[in-house]
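Structure at a glance
This is what each chain is made of:
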Amino acid sequence: MNWLDTVEHTCAHVVEGAFARAFPTPLAPVQIARRLVAVFDHVACDRTAVEVLVMVGSRDALALAEDRSYLENRWNALFAELGAERGMGDLPPIRLKVDAALARGSVRIDIHRNPEHAVRRPIALAIHSGLPLDGSVGLDAADERDVIVGRENACDLVVIDPLVSRRHLALRREESKLRFRDLDSANGVFLKGRREREGVLNVGDVMRIGATDLVVRGD
């Protein structure tokens, strides 16, 4: 069974089984189930996610109050089934919460994140194309000094490339991102094909200095 078949099977199982109970609200169980399935991949890959919140309006929350534990158990079982199919564990819990601004019959899925988790994630700047092949430098959010990249041996990441300046660029970590600054290099810093004096990098971004590509890596 492929992933899409699993999604449809899981939704059908949840809706046609115990989830198909008649609740005193126009909010359809299938509506919530499909919303949760839609965000599953995002939640499962987000290491900062600590809780998934099913947000409903005040009237719906009141109508569902007696069945809250039952519903939360079913939602968590839904995630567990999807996670088992994908070989994933330790998924964040799902809880029912109230947003008084939501109209009756409406639902929104929010992901509650803990920024401290993001700060602890290791991030490194590595040579993606160029020399040395194994060149990389880790960046710590607690380190207040700049990380320097260039040809000079005293740099934190030494690049073997005649088109790279001795001190080409500086980087500093800000939680889960990296802020970079061109140190008046001769050939500049390029991000997504554009020369940039400074900017922000996310995990997976690739930047070019001289003839060398650098990539931001995270776990």
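Residues numbered from 1 in each chain as written. Predicted model: local features only at pLDDT ≥ 70, side-chain atom pairs only at ≥ 80, totals over all residues. Heavy atoms only, no water.

1. A word on the nonpolar core
Our working definition: For our purposes a nonpolar core is just a set of buried Ala, Val, Leu, Ile, Met, Phe, Trp, Tyr and Cys residues, chained together by side-chain atoms within 4.5 Å. Relative accessible area decides the class of each residue, using a 1.4 Å probe on protein chains only: under 20% of the type maximum gives buried, over 50% gives exposed, and in between gives partly exposed. Counting from the N terminus, the helices are the DSSP runs of H or I reaching at least four residues and the strands are the DSSP runs of E reaching at least two. Working rule for contacts: check all heavy atoms of both residues, and any pair within 4.5 Å makes them a contact.
Leu36, Val52, Val54, Trp75, Phe79, Ile94 and Ile109 are the most contacted members of the largest nonpolar core, which totals 23 residues. At the level of elements, helix H2 (29-45), strand E1 (49-56), helix H3 (58-64), helix H4 (68-86), strand E2 (94-98) and strand E3 (107-113) are the ones that each hand at least two residues to this core. Among the elements that take part in this core, H2 stands out by supplying seven residues, more than any other. In this structure Val52 touches Leu36, Val43, Phe79, Pro92, Pro93, Ile94, Arg95, Ile109 and Asp110, once residues within four positions along its chain are discounted. In this structure, Val147, Leu157, Met207 and Val216 belong to the second largest nonpolar core, which totals 21 residues.

2. A few points about the pairing of strand E8 (residues 169-174)
The side chains of a regular strand alternate between both faces of the sheet. The condition is simple: Strand pairing is defined by DSSP finding a minimum of two bridges between the two strands.
Across three bridges, the pairing between strand E6 (residues 147-150) and E8 is antiparallel. Paired with Ile148 across the bridge in E8 is Ala170. Across six bridges, the pairing between E8 and strand E9 (residues 177-182) is antiparallel. By the bridge assignment for E9, Leu171 is matched with Phe180.

3. A short note on the side chain of Glu51
The condition is simple: Between N or O atoms, a polar contact is any pair within 3.5 Å; within protein, one atom must be a potential hydrogen donor and the other a potential acceptor, and residues adjacent in sequence are included only when both atoms are from side chains.
Considering the arrangement of structural elements, one finds Glu51 in strand E1. At 2.6 Å, the side chain of Glu51 and the side chain of Arg95 are in polar contact.

4. Some words on the environment of Asp110
Take Asp110: it is sitting in strand E3. Owing to a relative accessible area of 24%, Asp110 belongs among the partly exposed residues under this scheme. Counting along the chain gives 55 residues from Asp110 to Met55, while the straight-line C-alpha distance between them is 7.1 Å. Excluding residues that lie within four positions of it along the chain, Asp110 makes contacts with Glu51, Val52, Leu53 and Met55.

5. A short note on the pattern of salt bridges
Pairing is possible between side chains that carry opposite charge, provided their charged atoms lie close to one another. For clarity, the threshold we go by: Whenever a carboxyl oxygen of Asp or Glu lies within 4 Å of a side-chain nitrogen of Lys or Arg, that contact is scored as a salt bridge.
Applying the stated criterion to the full structure yields 12 salt bridges. Where Arg95 meets Glu51, a salt bridge forms, and the shortest distance between an N and an O atom there is 2.6 Å. Highlighted residues: Arg95 in strand E2 and Glu51 in strand E1, separated in sequence by 44 residues. On the accessibility criterion, Arg95 (33% relative accessible area) is partly exposed. When its relative accessible area of 15% is taken as the criterion, Glu51 is described as buried. Between Arg197 and Asp182 there is a salt bridge, and its shortest N-O distance comes to 3.9 Å. A residue pair is termed long-range when its members are at least 10 positions apart, and Arg197 in the loop between strand E11 (194-195) and strand E12 (198-201) and Asp182 in strand E9 qualify at 15 residues. The exposure class of Arg197 is partly exposed, given its relative accessible area of 48%. Taken together, the shared-partner salt bridges in this structure form one network comprising Asp99, Arg108 and Asp110.

6. Some words on the confidence of the model for the protein chain
Going by this rule: The predictor rates its confidence in each residue with pLDDT, a number between 0 and 100.
Of all residues in the protein chain, 79% have pLDDT values of 70 or greater, and the mean over the chain is 81. Ranking the elements of the protein chain by mean pLDDT puts helix H1 (residues 3-16) last, at 48, and strand E13 (residues 206-209) first, at 96. Contacts of residues 1-8 to residues separated by more than four positions or lying in other chains number 11 contacts, the stretch itself having pLDDT below 50. Low pLDDT (under 50) marks residues 15-19, which in the prediction has 12 contacts with non-local residues, meaning those over four places away or in another chain.

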